[in-house]
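Residues per chain are reported as follows:
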Amino acid sequence: MTLMIFFLMFITESATEKLCPLRASIDVLEGEYFFLCYLESMQEHFQEEAYTINWYKENAGKQQLIKETDRIVSQMNFLEFWPAELSDSGNYFVTHSNGKQNFTIQKWTLNVLERNKSSCFNKNHLTTEIKNAGTGHSLKCSDLSVNENDSITWYKDCKNYDNETERELDFKTLTLQHSGIYTCKILISHEGKIYHSTNTIKLVVEEDAPEAGALEIVGHNEEIETEIGKEEILNCTGFLGYYMREDASLYWLINQKFPEKCTGIPENEPSICEEELKKLKLGNKFYVTTLLRIKKVTDEDMHRNFTCMLQADERTQIKIVKLKKGNTRDLPMHIFTTGMVLAVLFPCVAVAVVFVCVMFRVDLVLFYRNICRRDDTAGDGKEYDAFVSYLKDCVSPTEEEREFALKILPMILEENFGYKLCIFERDVSPGGAVVDDIHSFIDKSRRLIIILSQNYVSDQAIYELESGLHKALVERKTKIILIEYMPMSDYNFLPESLSLLPSKRVVKWKKEKSLPVNSRFWKNLRYLMPAKPTKINTKGHYNNLHVGSEGAEPRTEGCDFNVVV
C-alpha cells in the first residue's frame, strides 16, 4: 500500500520540480555532471518535525554513509556529482531518519560508463526514436542543467548541427536524411568551473508513402578546411522525394555569379567549373547532384561564398559552403617520439641483419637448402658430385692424408649427406690411360676437390693437374674446392693457375676440431658443394663412423704416377 502511495505521488508531482530519475538502473558517462534526486513529495507522509536525510552507497555488501567532498555534494533531496567518475558506480539509496527509525525513500543502481575518446558519444548510452518520413518531430534535451540559461549545443554524428542552441530540436517534416545520432551538450557553471552533461538520441526515419518526400538539399551549410594550391571538389546533392520532378534544377553560384561549365578536357578546364547536372534514383528515392571543381584553391577563394541552389515546384533550397585555411598542427609528441625511435632503430636493425647474414651466411644457405629441398644436380648430365684429387706417393706415403681422402671424406659426404664422389683408386678400373681417365672423370663431376699438402705436386703430375685446372678455370665446366689438409705458409709450390681461385673456396682441415659432422669444416664444404636433398645421419664424430676397409681400400697398381687428379 505504501509503495502505491509513493507511485501516485510520483506521477502527480508538479511539472515545475526538476526531473528526477525514476529508473532503478541509471547509466551516466564519466566526466559529466550528474545528480540523483527524489521528489520532495515522497517524504510528505513522514509527519515528524525533526528528521534527517542521509545518502548511502553500498560497499562490499555494507551500507556506507556518503560524506560530502568538493566533488560529491548532498543537498537534501539531491546528490550531485561534479563530475561522475568510474569509481562512483554502485548501489545508492537515500533514507529518512527521525532518530528512532530509518525509512528508505528510494534506491538506484548507478553505472558510470567509460567515455569513448574517439567519439562524442558512447553507443551504450543513447536512446532510439523511430519516426516516419513526412511527419513533424522534436528531439528534447534531458533537463540536467541547473539554470535555464545554461548553454546548449546540438550535434549530429559528432558535427555541429546548424548552430542549434535550443532545448528542443524541431523538424517540421522528417526525411530519411534526418536519420542520425543527435547529441545535445549542456555547459554548466559551478563554483567558477565549467562542467557538462550530454544526452544522445538515435533518430531513425523510416520510409513512408511517396507523398511524404520533401524537397531538400542533403547536408547543411558548412566550412571546409583546405590549403592554398590544393584541389577541392564541392558536392551538392538535392533530394527530390519519391518521384522525379522534371522542373528540378540544381546549380552553383559563386558570390551570386554563375561559374563556367567544365569541358571534360583537363588542359582546357577553367580554374573553377561546374559539372553537368546528374539525376539519380536510389531505390524509390530520386536525387539530383552536381560538382563544383576548384583546380587550385587561392587566397581569394577563402573569401567567397559557394552557394548551391535547388529549385523545384516554385520552391528554393540553399546551401552555402565556405573555404577556410586548415590549422597547421604540430605532430603529437608520442608520434614524434615514435618516429625518432624508429629512425634510430631502423639503421641499427639493418646493420644487425647484415651482420647476421654475413656471419651466418653458410648456416642460412644450408638451412634454406634443407627447408626448400633444393637440388642443383637434377638434369645436368653429370654422374659425380665431386672428383677428389689427393697425394699418392708410393715411395713415402702420407697415411693420415690417404685415410682422410679414402675414408673420412667419402664416409661423411656420401653416407651422411648423400653426395657421390669419384675417387680414382676406388672407382677407376686399372689398365686405362691415366690422363684420359682423369679428363673423363673430371668432365663427369660437378666439383673438383683438391686436398692440398706440401708434397702434393710432383714433376710427373704437373701436366695432369694443370689439365684439370684448365677445365675448371678456362672452360668453366667444373668448380674447384681446395682443402688445406696441412697448414701451409705459402702456395708458391702450386701452379700459377691455382692462385686465380678465390680464397673463399679454400676450406681448412683442423684435425680433431674438424672431425664432428656438424663442425664448421663440413658446413663450409657442403656450402661449396652443389645443393642436393640429403638424409642427414649425423653420429656426431668420426670415431663413431665405424670406418672399415671395405670399399675404401686403395688399389696398389699404377704406382708410376705420384698424384691422382
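Residues numbered from 1 in each chain as written. Predicted model: local features only at pLDDT ≥ 70, side-chain atom pairs only at ≥ 80, totals over all residues. Heavy atoms only, no water.

Engineer: Residue-level account of the environment of Ile442, with values.
Structural biologist: You can see Ile442 is positioned in helix H6 (residues 434-443). Given the relative accessible area of 1%, Ile442 is considered buried. Distance in space between the C-alpha atoms of Ile442 and Lys382 is 9.7 Å, their sequence separation being 60 residues. (Helix = DSSP H or I, 4+ residues; strand = E, 2+ residues; numbered from the N terminus. Buried < 20%, exposed > 50% of the residue type's maximum accessible area, 1.4 Å probe, protein only.)

Engineer: So, the pairing of strand S4 (residues 62-65): which residues are in play, and what are the values?
Structural biologist: Of the strand pairs in this sheet, strand S3 (residues 52-59) and S4 are connected by four bridges, and their pairing is antiparallel. Bridge pairing links Lys57 to Gln64 in S4. Connecting S3 to the next strand, S4, in antiparallel fashion are two residues, including Ala60 with a positive phi near 55°. (Pairing = 2+ DSSP bridges.)

Engineer: Would you mind going over the packing of aromatic side chains in detail, with residue names and values included?
Structural biologist: For any pair of aromatic rings, the description rests on two quantities: the centre-to-centre distance and the angle between the ring planes. A complete count under the given rule lists 22 aromatic pairs for this structure. Taking 5.5 Å as the distance between ring centres and 20° as the angle between the ring planes, the aromatic pair formed by Trp55 and Trp108 counts as stacked. With Trp55 in strand S3 and Trp108 in strand S8 (residues 102-113), the pair connects residues that are 53 residues apart, well separated along the chain. As far as the burial class goes, Trp55 and Trp108 line up, both buried. Members of the aromatic cluster, connected to one another through ring pairs, are Tyr33, Phe34, Phe35, Phe78, Trp82 and Tyr195. Here Lys444 stacks its cationic end above the ring of Phe441, 5.1 Å away from the centre of that ring. (Phe/Tyr/Trp six-rings, centres within 6.5 Å; stacked < 30°, edge-to-face > 60°. Lys NZ or Arg CZ within 6 Å of the ring centre and 35° of its normal.)

Engineer: Describe the pattern of salt bridges, with residues and values.
Structural biologist: For the coordinates displayed, the defined rule picks out 19 salt bridges. One salt bridge connects Arg71 with Asp88, and the closest N-O pair in it is separated by 2.7 Å. With Arg71 in the loop between S4 and strand S5 (72-75) and Asp88 in the loop between strand S6 (78-81) and strand S7 (90-97), this pair connects stretches of sequence that are 17 residues apart. Arg71 sits in the buried class, given a relative accessible area of 17%. The class of Asp88 is buried, set by a relative accessible area of 4%. A salt bridge links Arg520 to Asp363; its shortest N-O distance comes to 3.1 Å. You can see Arg520 sitting in helix H8 (residues 520-528) and its partner Asp363 sitting in helix H3 (residues 361-372), a full 157 residues away along the chain. (Salt bridge = Lys/Arg side-chain N within 4 Å of Asp/Glu carboxyl O.)

Structural measurements only, silent on function.
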